[in-house]
Amino acid sequence: MIRYITSDCYAVEVIHGYQGYAKSPEDAVADVLKAGMDVNCGSDLKNYSKSAVQQQKLLVSDIDRALQNLFSVRMRLGLFNGNPAALHFGNITAADVCTRDHQSLALEAARNGIVLLKNLNKLLPLHKAKTPSLAVIGPNANASETLLGNYEGTPCKRTSALQAFQGYVQNTVYHSGCDNVSCGSADIGKAVEIAKGAEYVVLAMGLDQSQEREYKDRDNLLLPGMQQSLIQRGKLPISWYPNDFVKVPMTDMRMRPDQSSGYPGRTYRFYNGKKVFEFGYGLSYTTYTYNFVSVSQKNLHLNQLSSTTKAVQDSDSVHYLSVSDLGSERCEKAKYSAVVGVKNEGEMDGRHPVLLFIGRENARKGSPVKQLVGFQSVRLKAGERAEVEFELNPCEHFSRANEDGLMVIEEGNHYLLVGEEKYTFAVEV
């Protein structure tokens, strides 16, 4: 595969000037190039590669390797096939970016990326003909700039939440609720009065870049200022991540939990603390059911994966195979499939992501709670059913990193999980 690896901006400088990992700029340049980096966002390679070679900390062959990757990509892009302006992508303008097809694709991406967390009493979606009045309240309701995020591009057009709702419901009333996003003061009385006069209320709360961005971190996960008070006075539900997670040191990047210190771990694979929403959680306007249609292999036998490599025992008398000992060819041959049926049981058409997880019964210390095998998105009409196929790779999906950092496949009972449906199988010697 033709590719190159780049650094984050000024990351090479950071490992020398701020972190002290490298003793000199030349050491930093040598370290990153030997580790596989090809180009940096910054000027360190430009300024110190030559002196690193002169100080015999770096070989010219290390630089050649990086250049080969970089220029291979440029050749693949056709940048040496004549005048770049005369080539296929040489004259792209804003008109080529903001086409109807491109904007439709961006809209589809946004629809697929939005996650519905709550829908009490099936309030959503709001039907246009059955929504006589709407109150849109909050400091981010009429702030199209906030929607751009950080390190943003230039959008084809900007539409605030308020503008979108005004185009959907004719009788839409707006109130900011707060003086700004920091919400040092809030006109709660007026906001509540407006809310009482509308059939439905939408709150547009949260942050903007005045509250959080690169180089401006927050020390809690609560809403700024009086935003929470504004919500509670309106008696509207809200959920948030546990605020006490900020007690976990930012510098502690261990994945696995540590019971002795109360460290909860990180990521859905290992975190054992309180969760507001599980990884992969999301609601739909309709309902779906699953079933395992077929799994092409019931159990996995370690000693049948290789004719030359046999399972050995660890200090706990658990048999295992090292993934590296199996090799890529045997891992490829060990793959098999699982077919999952999914049915739209509701009254609305919908697009739905099907997530397949794998877990281990009575997981050993250091093992993931569960991990994602893959996901596929299906579009189903009301009452329609479909089947999706997942590829299972034992070397990737059944393995874990042991105490020595080796990826191993261990004997034991495992399960596949999709929704609430569970399929159990065993890894045997």
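Keep in mind that what you see is a predicted model, and the values were worked out from it rather than measured.

**A look at the packing of aromatic side chains**
Both the distance between ring centres and the angle between the ring planes are used here to describe each pair of aromatic rings. The final tally for this structure, using the stated rule, is 8 aromatic pairs. Summarising the aromatic geometry, the rings of tyrosine 268 and phenylalanine 279 are spaced 3.9 Å apart at their centres and angled 10 degrees between planes, so their arrangement reads as stacked. With a gap of 11 residues between them, tyrosine 268 in helix 10 (residues 267-270) and phenylalanine 279 in the loop between helix 10 and strand 4 (288-295) connect regions that are remote in the sequence. You can call tyrosine 268 partly exposed: its relative accessible area is 22%. Seen from their ring centres, tyrosine 336 and phenylalanine 398 are 6.3 Å apart, and the 70 degrees between their planes marks the pair as edge-to-face.

**So, helix 2 (residues 25-34)**
Burial analysis of helix 2 places 8 of its 10 residues in the buried class, the great majority of the element. Of the residues making up helix 2, those classed as buried are Pro25, Glu26, Asp27, Ala28, Val29, Ala30, Val32 and Leu33. Buried positions along helix 2 lie against helix 1 (11-17), helix 3 (44-54) and helix 4 (60-76). Just beyond helix 2, the residue with positive phi is glycine 36, at close to 115 degrees.

**Points about the sheet that holds strand 4**
As summarised here, the arrangement of the 3 strands in space is 4-8-11, forming an open sheet in which the pairing is antiparallel. Edge positions in the sheet fall to strand 4 and strand 11 (385-392), since each of these pairs with one other strand and no more. Sheet twist, expressed as the average angle between the axes of neighbouring strands with direction ignored, equals 25 degrees. Here strand 4 pairs with strand 8 (residues 336-344) via 7 bridges, running antiparallel. If you follow threonine 289 over to strand 8, its bridge partner there is lysine 343.

**Examining the sheet that holds strand 3 (residues 200-203)**
Pairing within the open sheet is parallel, and its 3 strands lie in the order 2-1-3. Two strands bound the open sheet, and with one partner strand each, they are strand 2 (172-175) and strand 3. Mean inter-strand twist for the sheet, computed between neighbouring axes without regard to direction, equals 20 degrees. Pairing of strand 1 (residues 134-137) with strand 3 involves 4 bridges; the strand directions are parallel.

**As for the confidence of the model for the chain**
Of all residues in the chain, 97% attain a pLDDT of 70 or more, and the chain-wide mean is 89. Contacts of residues 235-241 to residues separated by more than four positions or lying in other chains number 17 contacts, the stretch itself having pLDDT below 50.

**With respect to the pairing of strand 15 (residues 421-428)**
Pairing geometry for strand 5 (residues 300-301) and strand 15, over 2 bridges, is parallel. In the strand pairing of strand 15, histidine 301 is matched with glutamate 428. Here strand 14 (residues 412-418) pairs with strand 15 via 7 bridges, running antiparallel. Within strand 15, the position partnered with leucine 416 by the bridge is tyrosine 423. The antiparallel pairing of strand 14 with strand 15 creates a hairpin that spans 2 residues between the two strands, and glycine 419 there sits at a positive phi of about 60 degrees.

**Remarks on the state of the cysteines**
Under the definition given, this model contains 4 disulfides. Here cysteine 9 is linked by a disulfide to cysteine 41, with a sulfur-sulfur distance of 2.0 Å. Across the S-S bond of cysteine 9 and cysteine 41 the torsion is about 70 degrees, and the bridge reads as right-handed. Of this pair, cysteine 9 sits in the segment before helix 1 while cysteine 41 sits in the loop between helix 2 and helix 3; the two residues are 32 residues apart in sequence, bridging distant segments of the chain. Residue cysteine 178 pairs covalently with cysteine 183 via a disulfide, S to S 2.0 Å. The S-S bond linking cysteine 178 to cysteine 183 shows a torsion near -65 degrees; that makes this disulfide left-handed.

**A word on unusual backbone geometry**
That bond from leucine 124 to proline 125 is cis: its omega, 0 degrees, falls within 30 degrees of zero. Relative to the helices and strands, proline 125 is located in the loop between helix 6 (100-113) and strand 1. Look at tyrosine 151: it is not a glycine, yet its phi comes out positive at around 55 degrees. Position of tyrosine 151 relative to the elements: it lies in the loop between strand 1 and helix 7 (161-168). Its identity as a non-glycine residue notwithstanding, tyrosine 215 has a phi of 75 degrees, on the positive side. Considering the arrangement of structural elements, one finds tyrosine 215 in the loop between strand 3 and helix 9 (227-233). Look at tyrosine 215 and you get exposed, because its relative accessible area is 80%.

**A few points about the pattern of salt bridges**
Side chains bearing opposite charge may pair, as long as their charged atoms lie close to each other. By the definition in use, this model includes 16 salt bridges. For lysine 57, the salt bridge is made with aspartate 27, and the minimal N-O distance between the two is 3.2 Å. Separated by 30 residues along the polypeptide, lysine 57 in the loop between helix 3 and helix 4 and aspartate 27 in helix 2 bring together distant segments of the chain. A salt bridge links glutamate 391 to lysine 335; the shortest N-O distance between them is 3.5 Å. Taken together, the residues glutamate 391 in strand 11 and lysine 335 in the loop between helix 11 (323-333) and strand 8 connect sequence positions 56 residues apart. Glutamate 391 gets classed as exposed once you look at its relative accessible area, which sits at 52%. When salt bridges that share partners are traced, they join Asp314, Asp316, Arg360, Arg364, Arg400 and Glu410 into one network.

**Some thoughts on the environment of glutamate 403**
Within the secondary structure layout, glutamate 403 lies in the loop between strand 12 (399-401) and strand 13 (407-410). Of the residues examined, glutamate 403 reaches a relative accessible area of 67% and is grouped as exposed. Remark: the alpha-carbon pair of glutamate 403 and leucine 417, spanning 14 residues in sequence, is separated by 26 Å.

**Considerations on helix 8 (residues 188-196)**
Within helix 8, the full set of buried residues consists of Ile188, Ala191, Val192, Ile194 and Ala195. Seen from one end, helix 8 has its buried residues packed into an arc of 160 degrees, which puts them on one side. Turned more than 90 degrees off the buried face of helix 8, the exposed positions are Glu193 and Lys196. Elements in contact with the buried residues of helix 8: strand 1, strand 2, strand 3 and helix 9.

Procedures and definitions
- Residues numbered from 1 in each chain as written.
- Predicted model: local features only at pLDDT ≥ 70, side-chain atom pairs only at ≥ 80, totals over all residues.
- Heavy atoms only, no water.
- Phe/Tyr/Trp six-rings, centres within 6.5 Å; stacked < 30°, edge-to-face > 60°.
- Helix = DSSP H or I, 4+ residues; strand = E, 2+ residues; numbered from the N terminus.
- Buried < 20%, exposed > 50% of the residue type's maximum accessible area, 1.4 Å probe, protein only.
- Contact = heavy atoms within 4.5 Å.
- Pairing = 2+ DSSP bridges.
- Axes fitted to C-alpha atoms, helices over the stretch in contact; angles between N-to-C directions.
- pLDDT = per-residue confidence, 0-100.
- Disulfide = S-S within 2.5 Å.
- Salt bridge = Lys/Arg side-chain N within 4 Å of Asp/Glu carboxyl O.
- Arc of directions from axis to C-beta.

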